[in-house]
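# Descriptive analysis of the structure
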Amino acid sequence: MEKREVTLNINNEVHHLEIFPHETLREVLRERLGLTGTKAACDDGSCGACTVLLEGKPVRSCLLLAMEVEHQHITTIEGLADGEQLHPMQQSFVDHHAIQCGFCSPGMILTGVAAVENQQKPLSRDEIREAISGNLCRCTGYAKIIDAIEAVSKKQE
Ligand code: FES
Ligand code: FES
């Protein structure tokens, strides 16, 4: 199979790459660009560990072909902080002890960012549960993750 040229906009940087048409966005992020904050786990869409933002919406990068998202804006966990300054959602996860092994954290944080950015009013805990329902965590029991997202959501008032 022949490689094709693709132009990807990741964290506001444009990358021109030669990839195989069957390569997923998850594979390209981790294996070609070294953006290993995007986690690889199930690779079949069921865990949310590979979540990134596509035009601000959370998507599973293991289910998308990189060719499909050409020229669209992709945000990975590496693109959230402003230099040394963590994004408020990242800081809130730290402050609320919402990270244990950290494997789910990039996907959880990006999902939280999208949920809060789209809110009309502060999210209820049930709405946060719904927002993160596709993201699995084996460590925290979810309560502290919900606390962290809720705190940012309230500050957006
Ligand atoms: S690795 Fe993509 S959903 Fe699990
Ligand atoms: S912190 Fe370990 S999987 Fe969520």
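Residues numbered from 1 in each chain as written. Chains lettered and ligands numbered in written order. Predicted model: local features only at pLDDT ≥ 70, side-chain atom pairs only at ≥ 80, totals over all residues. Heavy atoms only, no water.

## Let's talk about the nonpolar core
Within the largest apolar cluster, 23 residues are counted, with the highest numbers of intra-cluster contacts made by Met89, Phe93, Met108, Ile109, Ile145 and Ile149. For this core, the secondary-structure elements that each account for two or more residues are helix 2 (88-95), helix 3 (105-117) and helix 5 (143-155). Looking at this core element by element, the count peaks at 7 residues for helix 3. Aside from chain neighbours lying at most four places away, what touches Met89 is Ile109, Gly112, Val113, Val116, Ala148, Ile149 and Val152. Ile10, Leu17, Val52 and Ala66 belong to the second-largest nonpolar core, a separate cluster that totals 16 residues. (Core = buried A, V, L, I, M, F, W, Y, C linked by side-chain atoms within 4.5 Å. Buried < 20%, exposed > 50% of the residue type's maximum accessible area, 1.4 Å probe, protein only. Helix = DSSP H or I, 4+ residues; strand = E, 2+ residues; numbered from the N terminus. Contact = heavy atoms within 4.5 Å.)

## What to know about the domain arrangement of the protein
In terms of domain boundaries, the protein breaks down into domain 1 (4-78) and domain 2 (88-155). Domain 1 puts 17 residues into the contact, and the matching count from domain 2 is 12 residues. At the boundary of domain 1 with domain 2, total buried surface from both sides reaches about 1100 Å², with 65% on carbon and sulfur atoms. Here domain 1 is connected to domain 2 by 0 salt bridges. For the pair domain 1 and domain 2, the interface holds 3 residue pairs in polar contact (both at pLDDT 80 or more). When contributions to the side of domain 1 that touches domain 2 are tallied by element, the ones reaching two or more residues are strand 3 (51-54) and strand 4 (57-60). If you tally residues by element for the side of domain 1 that touches domain 2, the top one is strand 3, at 3 residues. (Domains from an automatic or database assignment. Buried area = accessible area lost by both parts, 1.4 Å probe. Salt bridge = Lys/Arg side-chain N within 4 Å of Asp/Glu carboxyl O. Polar contact = N/O pair within 3.5 Å; in protein donor to acceptor, adjacent residues only side chain to side chain.)

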